[in-house]
Amino acid sequence: MFRKAFENYGAIVAVFATGIVVRDIAPLLDNKWSDPAVVVVDSNLNFAIPLLGGHHGANEISRKIAELGAVPVLTTATEVHGKPSVEGIADRFGCEIFNKESTIAVNCALLDQQVEVLEVKGPRIVIVDEDVSVLVRNKQVAEVKDYSAGNS
């Protein structure tokens, strides 16, 4: 039922029971970076549940659906604690995450402490540890130095 949507769209809003959606999308799952955002909404519009891709659009879609009366059921740790995520920071500044595997460690750190966002203009050589997320700008955006990761 969801195969074509997975192949052709970056986000899916499914008005089905969560169990139906989970069973149908399970064989289609690849990874959090390529799977579409999936939000499940009950037929009475009570809840909007970001099932996949919370940091990749599903949380935002759930908030938009909330404008129609549904309660967004957000479970990503950074969202629950009102903290920014690496993915959200990258999106805000129009960047791609170069070393995606770093986001787990950095998102965990964002839960417990202020994580500095630095802007390095080139030409430069940057050497980082595995728990440093590297964002590569892909369009012109506001100055990074004006943003603190602790401020949403």
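Residue positions are given per chain, counting from 1 as you read along its sequence in written order. Where local features are concerned, this predicted model is filtered to residues with pLDDT of at least 70; where side-chain atom pairs are given and counted, the filter is 80 or more; whole-chain, interface and lining totals use all residues. With hydrogens and water stripped out, all remaining heavy atoms of the structure feed into the side-chain values.

Is there a simple way to think about the overall build of the protein in this case?
Counting secondary structure elements, the protein contains 6 helices and 6 strands. A run of H or I in DSSP counts as a helix once it spans at least four residues, and a run of E counts as a strand once it spans at least two, with each numbered from the N terminus. Along its sequence from the N terminus, the protein presents helices and strands in the succession α-β-α-β-β-α-β-α-α-β-α-β. The principal-axis extent of the C-alpha atoms belonging to the protein is close to 50 × 30 × 30 Å. Buried, partly exposed and exposed residues are distinguished by accessible area as a fraction of the type maximum, computed with a 1.4 Å probe on protein chains only: under 20%, between the cut-offs, and over 50%, respectively. Each of the 152 residues in the protein was classed as buried or not, and the buried ones make up 32%. What makes two residues a contact is simply this: any of their non-hydrogen atoms within 4.5 Å. Across the protein, the fraction of contacts at a sequence separation of at least 24, relative to all contacts at a separation of at least 6, is 57%. Note on areas: Shrake-Rupley, 1.4 Å probe, and residue coverage restricted to the protein chains presented here. Entry remark: accessible area of the protein is about 9,800 Å², with carbon and sulfur atoms responsible for 53%. Neither His nor the chain ends is counted toward charge; the positive residues are Lys and Arg and the negative residues Asp and Glu. Positions of charges follow a simple convention, taking NZ of Lys, CZ of Arg, CG of Asp or CD of Glu. Of the side chains in the protein, 14 bear a positive and 20 a negative charge, and the two mean positions are spaced by 5 Å.

What exactly am I supposed to notice about the environment of Ser34 here?
By the element assignment, Ser34 lies in the loop between helix H2 (18–25) and strand E2 (37–41). A residue is classified by how much of its surface remains accessible, and Ser34, at 45% relative accessible area, is partly exposed. Between the C-alpha atoms of Ser34 and Gly94, which are 60 residues apart in sequence, the distance is 18 Å. Polar contacts, as counted here, are pairs of nitrogen or oxygen atoms within 3.5 Å of one another; within protein the pair requires one atom able to donate a hydrogen and one able to accept it, and residues that are adjacent in sequence qualify only if both atoms are side-chain atoms. A polar side-chain atom of Ser34 sits 3.2 Å from a polar atom in the side chain of Asp30.

Can you help me understand the sheet that holds E2 in this one?
Strands in a sheet are paired, the pairing made by backbone hydrogen bonds, and the direction either parallel or antiparallel. Spatially, E1-E2-E3-E4 is the arrangement adopted by the 4 strands of the open sheet, whose pairing is mixed. Taken across any chain shown, the strands that pair with only one partner, and hence form the sheet edges, are strand E1 (11–14) and strand E4 (71–72). Note: two strands are recorded as paired if DSSP finds a minimum of 2 bridges between them. Here E1 pairs with E2 via 4 bridges, running parallel. Across the sheet, the residue bridging to Ile12 is Val38, located in E2. Here the axes come from fitting lines to C-alpha atoms, over the contacting stretch only for helices, and the angles between their N-to-C directions go from 0 to 180 degrees. On the sheet, H2 packs against E1, E2 and strand E3 (47–52) and is oriented at approximately 20° with respect to E3.

What exactly am I supposed to notice about the packing of aromatic side chains here?
We describe a pair of aromatic rings using the distance from one ring centre to the other and the angle between the two ring planes. Pairing of aromatic rings covers Phe, Tyr and Trp, the last through its six-membered ring, and needs centres within 6.5 Å; plane angles under 30 degrees mean stacked, over 60 mean edge-to-face, and all others mean tilted. Across all of its chains, the model carries 1 aromatic pair by this definition. Geometrically, the ring pair formed by Phe2 and Phe16 is edge-to-face, given 5.9 Å between the ring centres and 75° between the ring planes. Remark: Phe16 occurs in the loop between E1 and H2 and Phe2 occurs in the segment before helix H1 (3–8); sequence separation between them is 14 residues. Owing to a relative accessible area of 34%, Phe16 belongs among the partly exposed residues under this scheme.

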